[in-house]
Amino acid sequence: MRSQEEYVLRTVEERGIRFVQLWFTDVLGTPKTFSITPAELENALDEGMTFDGSAIDGFSRVQESDVLARPDAKTFQVLPWHRHGDESGDAPVARVFCDIFNLDGSPFQGCPRHVLRRTLERAREGGFTFFAAPEMEYFYFADADPSTTPRGIDRGSYFELTVADRASDIRQQTVLTLEEMGIPVEHAQHEDAPSQHEIDLRYTDALTMADTVMTVRLVVKEMARQQGVHASFMPKPLAGVQGSGMHTHLSLFRGDTNAFVDPERPHGLSEVAEGFIAGLLRHAGEITAVTNQWVNSYKRLVSGYEAPIHMSWARNNRSALVRVPVVKRGKSDSTRIEYRAPDSACNPYLAFAVILAAGLRGIEEGYELPPEADANLFTLTSDELIAKGIAHLPGSLNEAVVMMENSTLLADTLGEHVFEWFIRNKRAEWAEYKAQVSQFELDRYLPLL
Amino acid sequence: MEPLLCFPDPPPPSVVGVLERAGYPWKAVNRPEAAETEEPEDGWAGAVIASGDDPAGAFLLCRQLRKRDVPLAPVIVVVQSDQLTELELREDLFDDLCLEPVNADELTTRLAHLFWRTGRGLRPDLLEHGPLVLNLETYQAAVSGRVLDLTYMEYELLRFLAARPGKVFTRETLLSRVWGYEYYGGARTVDVHVRRLRAKLGEEHAHLIQTVRSVGYRFGQTSWAP
């Protein structure tokens, strides 16, 4: 037995862990789990646990429904909120992320972790390691009742320092819990909209980060639940205020060197960085269905709320889709780009995979970087944008799926199984949405027509 | 760990087998004087003395080791059953004994037990540094009595650093010694894990792992007073 597995078994024994949750993710990024007892753990680590995948969105076709969850021992982590067992009568619980395999031991195509791993492997063949650092936005609401407009629990605004603010207390507790789990938080703050908060994570390699995003969403919701409120990563829960994005900072390293840096070139950006940005811009339309996967995602991507809508890049212009943050002098290693389209309700494994694939394509094919957007794009008319050659992101899930469907880049990156299932699922979501009659229509048309 | 002193040279194959399998370093001598001349700088870790065909030489060596200013311990003797009477009134010369023919499991257990008692095992059980305690046997770490829930690599990194306080390591060294290189993240992985460890140590103890600018990391204070 390898020392990693031995470490896990020993820790379970020493800490009196009663249940180990095996975590994995369906194609839409919903966390899934089943618990095993310590007695089963050794077997799970050795051989994996068989379960029926047909019940999981985007997993097996019915005739070949059994799959194998194999724990990734290095992701083993005791869950802090289950730990103080004795007082609450709660048993100590740990989690471990799993990779999904077919019964014959080959990687299961529908497993998002495999999709990302495969793309990272491709980056590695080019000598690159891919790092990501997302900024996760979300709201605290009084409850999750969909029959009324969601009610926030504070009235603060951007960076606001408030007194005895319940939401800020919950956020603080969340950050402490994350740190206890070894997830360093760069900073956490109140966001623009009332009751909207943001947690910025320190960069890690993209696979660890995708796991981390799953963990953060769970911890945020769990800490809120303990205080009797509801945390939501819905992209645009309230009309008239900002939605919740997941701006993601990205960099490629070659060994120890930041591959985005070249002090000899304009703005200190290397050819690799320019290729990566150009790739992202050229394929932005195709990957949006994945980075913004819900009908509701496109209510966020509208003008006027600091969300990107045009495929442009800029150094310090927050209306751009790709922003290149200005780096402090002498800190060229922190050179990175920020991709501002994704929302925090995406599947992080698939989102990081398609973003990386688009960037790599730009590097491999030597795409030319279009000129930097100088004006505030939100103020330009569509004619002016066309004159500048700036296209816009898909305006609805339907448009996004159409663009995705024609993309060989996406089919290659996601693999046939995920690609097809995803498109089918999103078409169905759109069809259902289209058949709805909204409050907007009633308000506007019923009195008039 | 320093090597164990073995007698005679070569030691019985059964003894060699046990030492090799359990991972004890060892060195064999044939003459009692050689126990002095061949002794490593930090002293022998202990001795395995087989009486074999030369019980007189064996007990002479035992006496010599035990009459030092700091008597050598632990000493285990391997004797044939018809030599047991030879041990009478020589109880002070050894800590434990094992009968020929050697039962490998028995000798392994006796060695492990002796080293546990003298606190000089192959792997010390506890690694302590200020408020930080690592139990190497159970893989558990605690700071100021608070148990840390570490992942495997966080634990390995902390163990590596805490075992070598005051020493500065480059990221490459840590990567090759702790991860063994076959890892995605490159040297930046080390930074990521150090940050995760510091987060878990908590603000109060995060300074246990210090960043040495443009070099790497160091655990605890440097051993040199400024």
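Chains are numbered independently. Their residues run from 1 in the order of the written sequence. As they are written, the chains are lettered A onward and the ligands numbered 1 onward, keeping that order. At least 70 in pLDDT is required for a residue's local features to be given in this predicted model, at least 80 for side-chain atom pairs to be given and counted, and no such filter applies to totals for whole chains, interfaces and linings, which use all residues.

Of regular secondary structure, chain A possesses 13 helices and 16 strands. Only C-alpha atoms enter the radius of gyration, while the globule expectation follows 2.2 Å times N to the 0.38, with N the number of residues. Its C-alpha atoms give chain A a radius of gyration of 22 Å, near enough to 22 Å, the size a compact globule of 449 residues would have. Referenced to the eigenvectors of the C-alpha coordinate spread, the extents of chain A come out at roughly 65 × 55 × 50 Å. With 449 residues in all, chain A has 48% of them scored as buried. Residue pairs qualify as contacts under a 7 Å threshold applied to their C-beta atoms, which are placed from the backbone. Contacts in chain A between residues far apart in sequence, at least 24 positions, make up 71% of those at least 6 positions apart. Numbering of helices and strands starts at the N terminus; helices are DSSP runs of H or I of at least 4 residues and strands are runs of E of at least 2. Neighbour counting defines burial: a residue surrounded by 20 or more other C-beta atoms within 10 Å of its own C-beta is buried, one with 12 or fewer is exposed, and intermediate counts give partly exposed, using backbone-placed C-beta atoms.

This paragraph deals with the overall build of chain B. Across its full length, chain B holds seven helices and twelve strands. Relative to the globule expectation of 17 Å for 226 residues, the C-alpha radius of gyration of chain B, 22 Å, shows a markedly less compact shape. Dimensions along the principal axes, computed over C-alpha positions, put chain B at roughly 65 × 40 × 35 Å. For chain B, the proportion of its 226 residues judged to be buried stands at 34%. Across chain B, the fraction of contacts at a sequence separation of at least 24, relative to all contacts at a separation of at least 6, is 54%.

Let us look at the sheet that holds strand S8 (residues 140-143) of chain B. Residues and elements named next belong to chain B. Taking strand neighbours across the sheet as the criterion, the four strands line up as S6-S7-S8-S9 in an open arrangement whose pairing is antiparallel. Single-partner strands in this sheet number two, and they are strand S6 (126-129) and strand S9 (146-148). Across this sheet, the average inter-strand angle for adjacent strands is 20 degrees, counted without regard to direction. Strand pairing requires that DSSP identify at least two bridges connecting the strands. Sheet topology places S8 next to S9; three bridges connect them, and they run antiparallel. When the bridges of S9 are listed, Val143 appears paired with Arg146. To obtain an axis, a line is fitted to C-alpha atoms, over the contacting stretch when the element is a helix, and the angle between two such axes runs from 0 to 180 degrees between their N-to-C directions.

Moving on: the packing of helix H7 (residues 271-291) of chain A against helix H11 (residues 397-405) of chain A. Residues and elements named next belong to chain A. The interhelical angle for the contact between H7 and H11, taken along N-to-C directions, is 120 degrees, at an axis separation of 8 Å. In terms of orientation, H7 lies oblique with respect to H11. Once H7 is placed against H11, the crossing between them reads as left-handed. Taken together, the residues of H11 that come into contact with H7 (itself represented by Gly285, Glu286, Thr288 and Ala289) are Ala400, Val401, Met403 and Met404. In the scheme used here, Gly and all other residues not listed as nonpolar or charged are polar, with Ala, Val, Leu, Ile, Met, Phe, Trp, Tyr, Cys and Pro taken as nonpolar and Asp, Glu, Lys and Arg as charged. For the contact of H7 with H11, a count of residues per class yields five nonpolar, two polar and one charged. Here the word oblique covers every angle except those under 35 degrees (roughly parallel), over 145 (roughly antiparallel) and from 65 to 115 (roughly perpendicular). Two helices crossing with the near one rotated counterclockwise from the far one by less than a right angle form a left-handed crossing, whereas a clockwise rotation gives a right-handed crossing.

All names here are of chain A. Note that domain bounds follow an automatic or database assignment of domains. On domain assignment, one finds that chain A holds domain 1 (3-108) and domain 2 (117-442). The centre of domain 1, based on its C-alpha atoms, is set 28 Å off from the matching centre of domain 2. Residue-level contacts link eleven residues of domain 1 with 16 residues of domain 2. Along the lines of polarity and charge, the residues of the side of domain 1 that touches domain 2 split into six nonpolar, five polar and no charged.

Let us look at the interface of chain B and chain A. Listed by partner, the interface residues are 20 residues for chain B and 27 residues for chain A. Of all the secondary-structure elements, those providing two or more residues to the side of chain B that touches chain A are helix H5 (152-162) and helix H7 (188-201) of chain B. With seven residues, H7(B) is the single largest residue contributor to the side of chain B that touches chain A. When the residues that make up the side of chain B that touches chain A are grouped by side-chain class, the tally is eight nonpolar, six polar and six charged.

All names here are of chain B. The interhelical angle for the contact between H5 and H7, taken along N-to-C directions, is 90 degrees, at an axis separation of 10 Å. Relative to H7, H5 is oriented roughly perpendicular. Facing H5, whose interface residues are Met153, Glu154, Leu157 and Leu158, H7 presents His193, Arg196, Leu197 and Lys200. Of the residues that constitute the contact of H5 with H7, the class distribution is four nonpolar, one polar and three charged.

What follows is about the domain arrangement of chain B. Considered domain by domain, chain B is made up of domain 1 (4-118) and domain 2 (126-219). On a C-alpha basis, the centroid separation for the pair domain 1 of chain B and domain 2 of chain B is 38 Å.

In this section: unusual backbone geometry. All names here are of chain B. The step from Asp9 to Pro10 runs through a cis peptide bond, and the omega angle for that step is -5 degrees. Tracing the chain through its elements places Pro10 in the loop between strand S1 (4-7) and helix H1 (13-22). In this model, Glu100 is joined to Pro101 through a cis peptide bond whose omega is -10 degrees. You can see Pro101 is positioned in the loop between strand S5 (96-100) and helix H4 (104-118). Despite not being glycine, Leu89 shows a phi value in the positive range, around 65 degrees. Tracing the backbone shows Leu89 in the loop between strand S4 (75-80) and S5. Phi at Ser144 is positive, roughly 50 degrees, even though this residue is not glycine. Turning to its location among the elements, Ser144 is positioned in the loop between S8 and S9.

Working note: regular strand, side chains alternate between the two faces of the sheet. Residue and element names in this part refer to chain B. Burial along S8 is one-sided: Ala141 and Val143 are buried, while Gln140 and Ala142, pointing the other way, are not. Pairing analysis gives four bridges linking strand S7 (residues 132-135) to S8, with the strands arranged antiparallel. Within S8, the position partnered with Asn135 by the bridge is Gln140. Where S7 folds back on S8, the antiparallel hairpin that results is connected by four residues, among which Tyr139 adopts a positive phi of roughly 65 degrees.

Over its 15 residues, helix H5 (residues 166-180) of chain A runs 21 Å from end to end, which matches the ideal 21 Å to within 8%, given 1.5 Å per residue. What H5(A) keeps buried is the set Ala167(A), Ser168(A), Ile170(A), Arg171(A), Thr174(A), Val175(A), Leu178(A), Glu179(A) and Glu180(A). Contacts from the buried residues of H5(A) go to strand S7 (129-141), strand S8 (185-190), strand S9 (196-201) and helix H6 (206-226) of chain A together with H7 of chain B. Of the residues trailing H5(A), Gly182(A) is marked for its positive phi of about 80 degrees. In a helix, the anticipated span is given by 1.5 Å times the number of residues less one.

Residues and elements named next belong to chain A. Here strand S1 (residues 19-25) runs beside strand S2 (residues 31-36); their pairing, made up of six bridges, is antiparallel. Of the residues in S2, the one forming a bridge with Thr25 is Pro31. The antiparallel hairpin formed by S1 and S2 contains five residues in its connecting segment, where Gly29 sits at a positive phi of about 90 degrees.

This brings us to the nonpolar core. A set of buried residues qualifies as a nonpolar core if it consists of Ala, Val, Leu, Ile, Met, Phe, Trp, Tyr and Cys joined through C-beta atoms within 7 Å. Grouped together as the largest cluster of nonpolar side chains are 99 residues, with contacts concentrated most on Ala206(A), Phe352(A), Val354(A) and Ile355(A). Among the elements that take part in this core, helix H9 (residues 348-365) of chain A stands out by supplying twelve residues, more than any other. Those residues in contact with Phe352(A) that sit more than four places away from it in its chain are Leu116(A), Ala132(A), Ala206(A), Met209(A) and Ala210(A). By size, the runner-up hydrophobic cluster in this structure holds 52 residues, among which are Leu68(A), Ala69(A), Leu175(B) and Ile209(B).

Bringing the environment of Leu158(B) into the picture now. Residues and elements named next belong to chain B. Assignment of secondary structure puts Leu158 in helix H5. On the basis of neighbour counts, which here come to 26 C-beta atoms within 10 Å, the residue Leu158 falls in the buried class. Not counting the four nearest positions on each side in its chain, Leu158 is found in contact with Leu134, Ala141, Leu150 and Leu197.

Residues and elements named next belong to chain B. Looking at where Val194 falls in the secondary structure, it is placed in helix H7. Residue classification places Val194 among the buried residues on the basis of 23 C-beta atoms within 10 Å. Distance in space between the C-alpha atoms of Val194 and Gly216 is 11 Å, their sequence separation being 22 residues.

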